[in-house]
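Residue-level listing of the chains:
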Amino acid sequence: MVRPSSNPPARVARLRRRLSPRDRAVLGVLQRVRLASLRQLQRLVVVDGSPRARTRRAQLMMTRLSELGVVTRFSRTIGGIRAGSSGYIYGLSGLGQAVIDTSGPLGGKRRRVWESKPYFQDHMLEVSDLYVQLVEQHRLGQGDLLAYDAEPAAWRHFTGSGGDLVMVKPDAFVRIGTAAVEHSSFVEVDLSTETLPTIQKKSQRYVDYWRSGMEQQWRGVFPKVVWLVQNNHRAERIAGVISKLAKDAQALFVVGLLSDAPGLLSGDKPGAAT
């Protein structure tokens, strides 16, 4: 016979009551972006006090959430040995997903957190950092962050020319409002690990999706496809790939530096290449 205290729904409900608004904010961030470093979480949810006090509060908060079992702390750290606990990477555990998702008695459908390869972690952390930058820009009044969907929420599907189901899988879908203008973008974060033929195939898939008209019917406009890269050399190479697409499709794309991402996505800075 199972005692009530060990019943999963009861445990989930009990944990929900124990979480503070800041705790729930952390779980919400991890639900959105999948992985985040302690420093990124600090920038998002621990914004008051001196830098040292913010770091200490963030460390204590994440230690507590790890002990409660609602977040998973990955064995790998970023920033080297000197980073210490500030370099830890966190994801939402299965229990944490149940706690934050109230769509069912056990929190509805849950995604598993896994020890992915360093490349995939680096890529997800870069996408997470983009989210952090856009939130900080929003707080400064430099553009209203209207939407930020990371994968898989950002993904789209459409029917291909052969009648098959085709997926476009941007790293994020972003909407930013500036004055009376709204800028929407499909974001591809590139860390120079994919071949140019792969870049060409991905870009052509966006063109095919644009030609399907599904996004325009749904939202009234087709977002810019923004390739964010680490350096100008890579930007030039991806711009070269885009220049080989159909002429009418090339205007769909912008290529720019990761360091310029907030300005690019809010329309304040032109792309390094188009």
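Scope of this entry: the structure provided in the associated data block. What you are looking at is a predicted structure, and each value in this text was computed from that prediction instead of being measured.

### Things to note about the overall build of the chain
A tally of helices and strands in the chain yields 10 helices and 10 strands. Out of the 274 residues belonging to the chain, those deemed buried represent 44%. Counting only contacts in the chain whose residues sit at least 6 apart along the sequence, the fraction spanning at least 24 positions is 63%. Surface summary for the chain: the accessible area is close to 14,300 Å², and the carbon and sulfur share equals 52%.

### Some words on the packing of aromatic side chains
Per the stated rule, a full pass over the model turns up 9 aromatic pairs. With a centroid separation of 5.8 Å and an interplanar angle of 70°, the aromatic rings of Phe186 and Phe222 are classed as edge-to-face. Of this pair, Phe186 sits in strand 8 (residues 181-189) while Phe222 sits in the loop between helix 8 (214-219) and strand 9 (224-229), and the two are 36 residues apart along the sequence. Owing to a relative accessible area of 11%, Phe222 belongs among the buried residues under this scheme. Through pairs of rings, three or more aromatic residues link up here, namely Phe158, Phe173, Phe186, Tyr206, Tyr209 and Phe222. Over the ring of Tyr88 we find Arg73; its NZ or CZ atom is 4.0 Å from the centre of that ring. Over the face of the ring belonging to Trp218 we find Arg219, whose NZ or CZ atom lies 4.2 Å from the ring centre.

### Quick notes on the side chain of Glu151
The topology assignment puts Glu151 in the loop between strand 4 (144-150) and strand 5 (156-159). Polar side-chain contacts of Glu151 include one of 3.4 Å to the side chain of Trp155.

### What about the sheet that holds strand 9?
Strand order in the open sheet made by the 5 strands is 4-7-8-9-10, with mixed pairing throughout. Here the strands that pair on one side only, and so sit at the sheet edges, are strand 4 and strand 10 (253-257). On average, adjacent strands in this sheet sit at an angle of 25° to one another, irrespective of strand direction. With 5 bridges connecting them, strand 8 and strand 9 associate as parallel partners. Counterpart to Glu188 in the pairing with strand 9 is Trp227. Together, strand 9 and strand 10 form the strand contacts of helix 9 (residues 232-242), whose direction differs from that of strand 10 by roughly 170°.

### Structural notes on the packing of helix 3 (residues 38-45) against helix 4 (residues 51-68)
Across the interface, helix 3 lies against helix 4 with an axial gap of 9 Å and an inter-helix angle of 110°. By the angle class used here, helix 3 and helix 4 are roughly perpendicular. Crossing of helix 3 against helix 4: the hand is right-handed. From helix 3, Leu38, Arg39, Leu41, Gln42 and Val45 reach across to helix 4, where they touch Pro51, Arg54, Thr55, Ala58, Gln59, Met61 and Met62. Each residue belonging to the contact of helix 3 with helix 4 can be placed in one class, and the counts come to 7 nonpolar, 3 polar and 2 charged.

### Side note on helix 3
Buried residues dominate helix 3, accounting for 6 of its 8 residues. By the burial criterion, the buried members of helix 3 are Leu38, Gln40, Leu41, Gln42, Leu44 and Val45. Where helix 3 is buried, its residues meet helix 2 (21-33), strand 1 (35-37), helix 4, strand 3 (88-92) and helix 6 (118-139).

### Remarks on the environment of Val254
Relative to the elements of secondary structure, Val254 occurs in strand 10. Residues Val254 and Ile242 lie 12 residues apart in sequence; the distance between their C-alpha atoms is 9.2 Å.

### Section: a positive patch on the surface
A surface patch of positive charge is lined by Arg11, Arg14, Arg17 and Arg18. The residue Arg11 is located in helix 1 (residues 8-18) in this model.

### Concerning the nonpolar core
Grouped together as the largest cluster of nonpolar side chains are 48 residues, with contacts concentrated most on Met62, Leu65, Val70, Tyr148 and Val174. Ranked by residues supplied to this core, first place goes to helix 6 with 6 residues. Setting aside its immediate chain neighbours within four residues, Val70 contacts Leu15, Leu27, Leu65, Leu92, Ser93, Leu95, Gly96 and Val99. Counting residues in each nonpolar core, the second largest holds 24 residues, with Val166, Ile199, Phe222 and Ala249 among its members.

### Some words on the pattern of salt bridges
Once their charged atoms are close, side chains differing in charge can pair, the charge on each being opposite to the other. Summed over all chains, the structure comprises 13 salt bridges. As a salt-bridge pair, Asp23 and Arg64 come within 2.5 Å of each other at their nearest N and O atoms. One end of the pair, Asp23, is in helix 2; the other, Arg64, is in helix 4, and 41 residues separate them in sequence. What makes Asp23 buried here is its relative accessible area of 4%. Exposure remark for Arg64: the relative accessible area of 30% places this residue in the partly exposed category.

Reading the values: rules and limits
Residues numbered from 1 in each chain as written. Predicted model: local features only at pLDDT ≥ 70, side-chain atom pairs only at ≥ 80, totals over all residues. Heavy atoms only, no water. Helix = DSSP H or I, 4+ residues; strand = E, 2+ residues; numbered from the N terminus. Buried < 20%, exposed > 50% of the residue type's maximum accessible area, 1.4 Å probe, protein only. Contact = heavy atoms within 4.5 Å. Areas by Shrake-Rupley, 256 points an atom, 1.4 Å probe, with all protein chains shown as cover. Phe/Tyr/Trp six-rings, centres within 6.5 Å; stacked < 30°, edge-to-face > 60°. Lys NZ or Arg CZ within 6 Å of the ring centre and 35° of its normal. Polar contact = N/O pair within 3.5 Å; in protein donor to acceptor, adjacent residues only side chain to side chain. Pairing = 2+ DSSP bridges. Axes fitted to C-alpha atoms, helices over the stretch in contact; angles between N-to-C directions. Parallel < 35°, antiparallel > 145°, perpendicular 65-115°, else oblique. Left-handed = near helix turned anticlockwise from the far one by under 90°. Nonpolar A, V, L, I, M, F, W, Y, C, P; charged D, E, K, R; others polar. Patch = residues over 30% accessible without salt bridge, like charges linked within 9 Å, V, L, I, M, F, W, Y side chains within 5 Å. Salt bridge = Lys/Arg side-chain N within 4 Å of Asp/Glu carboxyl O. Lys, Arg positive; Asp, Glu negative; His and termini not counted. Charge placed at Lys NZ, Arg CZ, Asp CG, Glu CD. Core = buried A, V, L, I, M, F, W, Y, C linked by side-chain atoms within 4.5 Å.

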